[in-house]
Amino acid sequence: MYNTDSSLHSHNLCEPLVAYSSHCKQYSLFESEAVLSESHHIRVIELFAGVGGFRIGLERASDLFKTIWSNQWEPSTKRQDASLIYCQRFGFIGHSNQDINKVNVTEIPAGDLLVGGFPCQDYSVATTLKNSGGIEGKKGVLWWQIYRILSEHKQPPKYLMLENVDRLLSSPASQRGRDFAIILASLSDLGYMVEWRVINAAEYGMPQRRKRTYIFACKNGSGIADTFTDATDWLLRSGVMAKAFNVKESHSISSTFTINGSLSEVSAYFNKGKSLSPFKNSGVIINRTVYTLATTPDYTGPFITLGDLVLPDTEVPEEFYIEETDLPKWQYAKGSKSEKRINKATGYEYNYSEGAMAFPDSLDKPSRTIITGEGGPSPSRFKHIIQTASGKFRRLTPVELERLNMFPDNHTQGASDIRRAFLMGNALVTGIVERLGLELYRRLSKPNDDKC
């Protein structure tokens, strides 16, 4: 479908690899054909929108996904870079730059699909609110804002598409799997069938080894939920996740259990005293009954490597190159260590050790996960360093970081280079959303066509 010849490294590198959408240049591993009429737009509500990763993926899957309302608020900074960039790329209409905790649900229009990469936090339930019948989580925990919108909206969306870190399935360390159990139970109580999959983007041909938990939910009684008959078949073959991301045939469901009790009781007692989470990397919950199993990716298509996406030397600003005098600092940061260190506050001496990181990063593989601290010239163990054809070492540019998340080139332009790196460290691989969106819109357009 596309050429991965590394000689094609130009500003429009992705052109031979990709299909372009109508509103901006961006690349895709997939091709789709619109089959819905414009009168059947899928109306999207995007929460914790960042710089629009969900929107990019969905609109790449089909022009019939229409984001009608979005919210992005960063509480830790006065300058709202992500929100500003979002509006520069998509416009101000329907966009909210307000603390989601203060948004009145009546301000949010009715949508078909709610999406969002909500922050990873402690989701424990503090108390039951007797008067309202609702629940109260720890202050500032944004999962409960999703719950509030779903429970209070007069026309809650039928479909949800959410993203979080892979450790969500096993947090917190003191009560493995409790946080995920709270999320699943609360969605089940609101009438949703929920499936999940931990997906490493690189295992499906994408350019970054970024492993995240993806959640898809649909209202009980919706066309999609009504097609569920067998949990093993759903998770291995016929479910939304299985159709979007093929897995190898494996054994049947390895664990079935019910999440019992009120949400505050789930918070207090779920899996207490156990050392392992009961949740595998794939699963589905229906009416509080959980079916889960470990799956293995089954992908035989093309792969994109870090080397496929790097800019030519002539397009890289000088400040991204590593001075020869600074190389030892980078080598130390990346190297293995076994040494004595002293805590400056207490004077306590302790042994410190860590393994070596790749130096430089391989150009023949998908990249390591981008982190929020990727920007800036200071030596770091976790920042990416590549070696160019000329033998020079350098950091990755903002455009290259955008490409590793499958964003359009210069999508984050307007913020500082350090902030652009931070925004990409917080973003998702848009190709994952594209595949999920493509599978969703095919089901909504031709729900009874097995060929879809």
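The preceding data block contains the structure.
Residue positions are given per chain, counting from 1 as you read along its sequence in written order. Selection of residues for local features in this predicted model requires a pLDDT of at least 70, selection of side-chain atom pairs for listing and counting requires 80 or more, and totals for whole chains, interfaces and linings are taken over all residues. Note that the side-chain values use all heavy atoms of the structure and ignore hydrogens as well as water.

Peer 1: Give me the lowdown on the overall build of the protein chain, citing residues and values where you can.
Peer 2: In terms of helices and strands, the protein chain carries 13 helices and 16 strands. Per-residue accessibility, obtained with a 1.4 Å probe over protein chains only, is compared with the maximum for each type, and a residue is labelled buried under 20%, exposed over 50%, and partly exposed between these values. Within the protein chain, buried positions represent 54% of all 452 residues. The contact criterion used throughout is that any non-hydrogen atoms of two residues lie within 4.5 Å. Of the contacts made within the protein chain by residues no fewer than 6 positions apart, 70% connect residues no fewer than 24 positions apart. Areas reported as accessible are Shrake-Rupley estimates using a 1.4 Å probe. Residue values count occlusion only from the protein chains shown. Accessible surface computed for the protein chain: about 20300 Å², of which carbon and sulfur atoms make up 49%. Numbering of helices and strands starts at the N terminus; helices are DSSP runs of H or I of at least 4 residues and strands are runs of E of at least 2.

Peer 1: Please set out unusual backbone geometry residue by residue, giving values where relevant.
Peer 2: Peptide bonds are trans in most cases, and residues, glycine excluded, mostly fall at negative phi. Note the cis peptide between Ser171 and Pro172, where omega equals -5°. Turning to its location among the elements, Pro172 is positioned in the loop between strand E7 (159–165) and helix H4 (178–189). Cis geometry marks the peptide bond from Phe359 to Pro360; its omega dihedral reads -5°. Tracing the backbone through its elements, the reader meets Pro360 in the loop between strand E14 (349–354) and strand E15 (385–387). Of note, Phe48 is a non-glycine position whose phi angle comes to about 50°, a positive value. Locating Phe48 in the fold gives a position in the loop between strand E1 (42–47) and helix H1 (53–61). Positioned with a positive phi, Arg288 is a non-glycine residue whose angle comes to about 75°. Mapping Arg288 onto the fold places it in the loop between strand E11 (282–286) and strand E12 (289–293).

Peer 1: Which residues make up the layout of surface pockets, and what values do they have?
Peer 2: Where empty space is left in the structure can be found by rolling a water-sized probe over the atoms. Within this scheme a cavity is a closed region of a 1 Å grid, computed over the protein atoms alone, that accommodates a 1.4 Å probe without allowing it to escape, whereas a pocket is open but has protein on both sides within 12 Å along at least five of seven lines; lining residues each have an atom within 4 Å of a point. Grid points are joined across faces, edges and corners, and a volume is the space filled by probe spheres set on the points. A volume near 980 Å³ is recorded for the largest pocket. Lining the largest pocket are 46 residues, with Phe48, Gly117, Phe118, Pro119 and Asn426 sitting closest to its centre. For the lining of the largest pocket, the secondary-structure elements that each account for two or more residues are E1, H1, helix H2 (81–90), E7 and helix H12 (417–425). For the lining of the largest pocket, the leading source of residues is H12, giving four residues. Tallied by class, residues from the lining of the largest pocket come to 20 nonpolar, 15 polar and eleven charged. Only Asp, Glu, Lys and Arg are considered charged in this grouping, and only Ala, Val, Leu, Ile, Met, Phe, Trp, Tyr, Cys and Pro are considered nonpolar; every other residue, Gly among them, is considered polar.

Peer 1: Talk me through the pattern of salt bridges; I want residue IDs and the actual numbers.
Peer 2: Salt bridge criterion: a side-chain nitrogen from Lys or Arg within 4 Å of a carboxyl oxygen from Asp or Glu. Following the criterion strictly, the structure yields 19 salt bridges and no others. Between Arg419 and Asp81 there is a salt bridge, with the nearest N and O atoms lying 2.9 Å from each other. Taken as a pair, Arg419 in helix H12 and Asp81 in helix H2 lie far apart in primary sequence, 338 residues in all. Look at Arg419 and you get partly exposed, because its relative accessible area is 22%. We note a salt bridge from Glu439 to Arg443, for which the minimum N-O separation is 2.5 Å. In this pair, Glu439 and Arg443 are both assigned in helix H13 (residues 430–445), four residues apart and thus about one turn of the helix distant. Overall, the relative accessible area of 6% leaves Glu439 in the buried class. Connected through salt bridges with shared partners, the residues Arg79, Asp81 and Arg419 form a single ionic network.

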